[in-house]
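What follows is the residue order along each chain.
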Amino acid sequence: QRGLLSERAILPGQDSMCLSTDSHMSFVDAWDDLLIQDWTSTNNEFAVLTAYPLATSNANFAGTKAHINLCGYFLEGDLPRGVTGATLTNQGEQSKPTLTMNWAAGQSFSRCHAEKNVPVDKELRWIFTGEEVDRAVRLWTHGYDLYNPSINAVLHNYTKPNQHWDYYSDVRDAEEDLSG
């Protein structure tokens, strides 16, 4: 959520859609049409479709074949963290997105006014665990409803990446010392 694109994003008009994802993502064919159809099926201008995307290794379940159920939190240390959801097979008629209490940084799709009205909190530097709870609460208290998408249009490569903060831990530590 932080970085070059979040700092430089020029968000278009009120009717435009915004997709926020992690890096190292893949997309199914016609992903944009699928997400817009899914979002439209909520019949809610303030809907935010959000989930931890399906792993690229499970691409055979992508598109309209399955969806992620993301609901609940667990404690990681003393901080709440979203529960990794189950992948559920869609059977028969296409289902609709379902309400959830979670917001997931892996995929968030909404009208761009959500990003304008509830921007990423730039004061939460070096945060990983806790960022998603903060965003869920802030979106909800600004009138947005969070939904599990009923499709998997975005895929994530969950193989072990090099984490940004591993490389910059000395910078993070120095900033924490100055602020503490």
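Here goes a summary of the coordinates provided.

What counts and how
- Residues numbered from 1 in each chain as written.
- Predicted model: local features only at pLDDT ≥ 70, side-chain atom pairs only at ≥ 80, totals over all residues.
- Heavy atoms only, no water.
- Pairing = 2+ DSSP bridges.
- Helix = DSSP H or I, 4+ residues; strand = E, 2+ residues; numbered from the N terminus.
- Contact = heavy atoms within 4.5 Å.
- Axes fitted to C-alpha atoms, helices over the stretch in contact; angles between N-to-C directions.
- Phe/Tyr/Trp six-rings, centres within 6.5 Å; stacked < 30°, edge-to-face > 60°.
- Buried < 20%, exposed > 50% of the residue type's maximum accessible area, 1.4 Å probe, protein only.
- Lys NZ or Arg CZ within 6 Å of the ring centre and 35° of its normal.
- Salt bridge = Lys/Arg side-chain N within 4 Å of Asp/Glu carboxyl O.

**A word on the sheet that holds strand β10 (residues 107-111)**
What the five strands build is an open sheet, ordered β1-β10-β3-β11-β9; its pairing is mixed. If you trace the sheet from one side to the other, it starts and ends with β1 (17-21) and β9 (98-99), each paired once. In the sheet, strand β3 (residues 47-50) pairs with strand β11 (residues 145-148) via three bridges, with the strands oriented parallel. Bridged to Val48 within β11 is Leu146. This element, helix α2 (residues 31-40), spans β1, β3 and β10 of the sheet and lies at about 65 degrees to β10.

**Concerning the packing of aromatic side chains**
The tally for this structure, following the rule as stated, stands at two aromatic pairs. With 5.0 Å between their ring centres and 45 degrees between their planes, Phe27 and Trp31 make a pair best called tilted. On the basis of relative accessibility, which here comes to 36%, the residue Phe27 falls in the partly exposed class. The lysine or arginine in question, Arg135, covers the ring of Trp103, its NZ or CZ lying 5.1 Å from the ring centre.

**Some details on the pattern of salt bridges**
Evaluation of the coordinates by the stated rule reveals three salt bridges. Linking Arg111 and Glu45 is a salt bridge whose minimum nitrogen-to-oxygen distance equals 3.2 Å. A residue pair is termed long-range when its members are at least 10 positions apart, and Arg111 in strand β10 and Glu45 in the loop between α2 and β3 qualify at 66 residues. Look at Arg111 and you get buried, because its relative accessible area is 15%. The exposure class of Glu45 is partly exposed, given its relative accessible area of 34%. A salt bridge links Glu115 to Arg135; the shortest N-O distance between them is 3.1 Å. Here the residue Glu115 occupies a position in helix α3 (residues 112-117), and Arg135 occupies one in helix α4 (residues 131-141), the gap between them amounting to 20 residues. We note that Glu115, like Arg135, is buried.

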